[in-house]
Amino acid sequence: MATTDRQATTLALAHALSAAERGLAVIPLSRTKLPALRSPHHDDPEPQPCHGECGRLGHGVYDASTDPARIRELFAAAPRATGYGIACGLPPHHLIGVDLDTKVGTDSSAALRELALRHLFTIPETVVVITPSGGRHLWLSGPPDVVVPNSAGRLAPGIDIRGAGGYLVGPGSRTEHGVYDTAPGTAHLAPAACPPALLRLLLPPPRAHRPTPAAAGDHGQGLVQFVLAAHEGQRNTRLFWAACRAYEDGIGPALVDPLVEAALNAGLTEREARATIASAARMTGHRP
């Protein structure tokens, strides 16, 4: 490996360790902005879903850690890493990334300003990372009991969202196109709380309200089955979505206990399940 590559890896590790000190879980990235470690299941005849349960490295964002020893182990296994990714959705910040791209024919910054005016929210002062192409990553903090999904262009053209299961390229990372850097005056900031009006836009769009009989019926059973089928990494998201649908359809109170039971079977604790359902109730304008 060239000396410059070794220097880039050393710098990336230093930046990653600094981010971890702020409570941000990190993974090593290659110059292509992809995870630098190859999946240990790449050559398996029939790869099975694995988020690191096998105990080996190479599971992308599921390897993310704030432990310095673990981070050094990850980078030692990825000697060609030149950057690092910051996992979104994890405590303590529950990071949400608003990626304002610079695609031809779009003005993502103007689109975000228009959304803010239309929905009456203000983007708070927060960490801003400048990308090599001139785009910006805004770092926001989400509530602990709300799972924000990843999306590309759903909010507006040129605006991508990094939520649970996603990651942001960390400042100081070197890629094929240049270096990511923190915008002047924002490096010392903590991720600001996501405005509630913006948070509502980031969640799956609610369906039209159609009251149904109090009994859960077939629709309620379908929502319960949807939660039961959840795999690790999607349990909270599925439960939150199902609870929102239940409250919007007028069967929320009747479905609380069945949804909690389904969540327990899927692997959540009762405390986690009830907190997620209560959050869905509040989000849809109901009393938990």
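The present account deals with the structure reproduced in this document.

### Side note on helix 7 (residues 252-266)
Here helix 7 spans 19 Å end to end across 15 residues, near enough to the 21 Å set by a 1.5 Å rise per residue. The largest bend in helix 7 is about 30°, located at P258. A positive backbone phi angle near 120° is found at G267, which sits one or two residues after helix 7.

### Some words on the environment of M283
Within the element layout of this structure, M283 appears in helix 8 (residues 270-283). The exposure class of M283 is partly exposed, given its relative accessible area of 25%. Each C-alpha atom, one on M283 and one on V146, is 9.6 Å from the other, the two residues being 137 residues apart in sequence. If we ignore the near neighbours within four places in the chain, the residues touching M283 are L199, R200, L203 and F240.

### Re the sheet that holds strand 2 (residues 83-87)
Sheet architecture is open: three strands sit in the order 1-2-8, paired in antiparallel fashion. The outermost strands of the open sheet, each flanked by one partner alone, are strand 1 (26-29) and strand 8 (167-169). Adjacent strand axes in the sheet meet at a mean angle of 35° when their direction is disregarded. Where strand 1 and strand 2 come together, four bridges link them in antiparallel fashion.

### Description of unusual backbone geometry
Cis rather than trans, the peptide bond between P91 and P92 has omega equal to 5°. Position of P92 relative to the elements: it lies in the loop between strand 2 and strand 3 (95-100). Despite not being glycine, K33 has its phi angle at roughly 75°, a positive value. The residue H94 is not glycine, and still its phi comes out positive at about 50°. On the secondary structure map, H94 appears in the loop between strand 2 and strand 3.

### Re the nonpolar core
Core analysis: the largest hydrophobic core is formed by 46 residues, its most contacted members being I159 and L259. The element contributing the most residues to this core is helix 6 (residues 235-248), with seven residues. With residues up to four places along the chain from it excluded, the contact list for L259 reads L223, V224, V227, L239, A242, A243 and I277. Ranked by size, the runner-up nonpolar core spans 32 residues in total, among them A20, V26, L29 and A78.

### What about helix 2 (residues 68-76)?
One turn of an α-helix holds 3.6 residues; hence residues three or four places apart share an orientation. Of all the positions in helix 2, only I71, L74 and F75 are classed as buried. Looking straight down helix 2, one finds that the buried residues subtend no more than 95° of arc, so they occupy a single side. Pointing more than 90 degrees away from the buried face of helix 2 are the exposed residues A69 and A76.

### Details of the pattern of salt bridges
Applying the stated rule across the entire model yields seven salt bridges. Across the salt bridge formed by R70 and E73, the nearest N and O atoms sit 3.6 Å from each other. Placement of the pair is R70 and E73 together in helix 2, with a separation of three residues, close to one helical turn. Of the charged contacts, one joins R274 and D257 as a salt bridge, the two residues approaching to 3.4 Å between their closest N and O atoms. Highlighted residues: R274 in helix 8 and D257 in helix 7, separated in sequence by 17 residues.

Reading the values: the criteria
- Residues numbered from 1 in each chain as written.
- Predicted model: local features only at pLDDT ≥ 70, side-chain atom pairs only at ≥ 80, totals over all residues.
- Heavy atoms only, no water.
- Helix = DSSP H or I, 4+ residues; strand = E, 2+ residues; numbered from the N terminus.
- Expected span 1.5 Å × (residues − 1).
- Bend = angle between axes of the 7 residues up to and from the residue.
- Buried < 20%, exposed > 50% of the residue type's maximum accessible area, 1.4 Å probe, protein only.
- Contact = heavy atoms within 4.5 Å.
- Pairing = 2+ DSSP bridges.
- Axes fitted to C-alpha atoms, helices over the stretch in contact; angles between N-to-C directions.
- Core = buried A, V, L, I, M, F, W, Y, C linked by side-chain atoms within 4.5 Å.
- Arc of directions from axis to C-beta.
- Salt bridge = Lys/Arg side-chain N within 4 Å of Asp/Glu carboxyl O.

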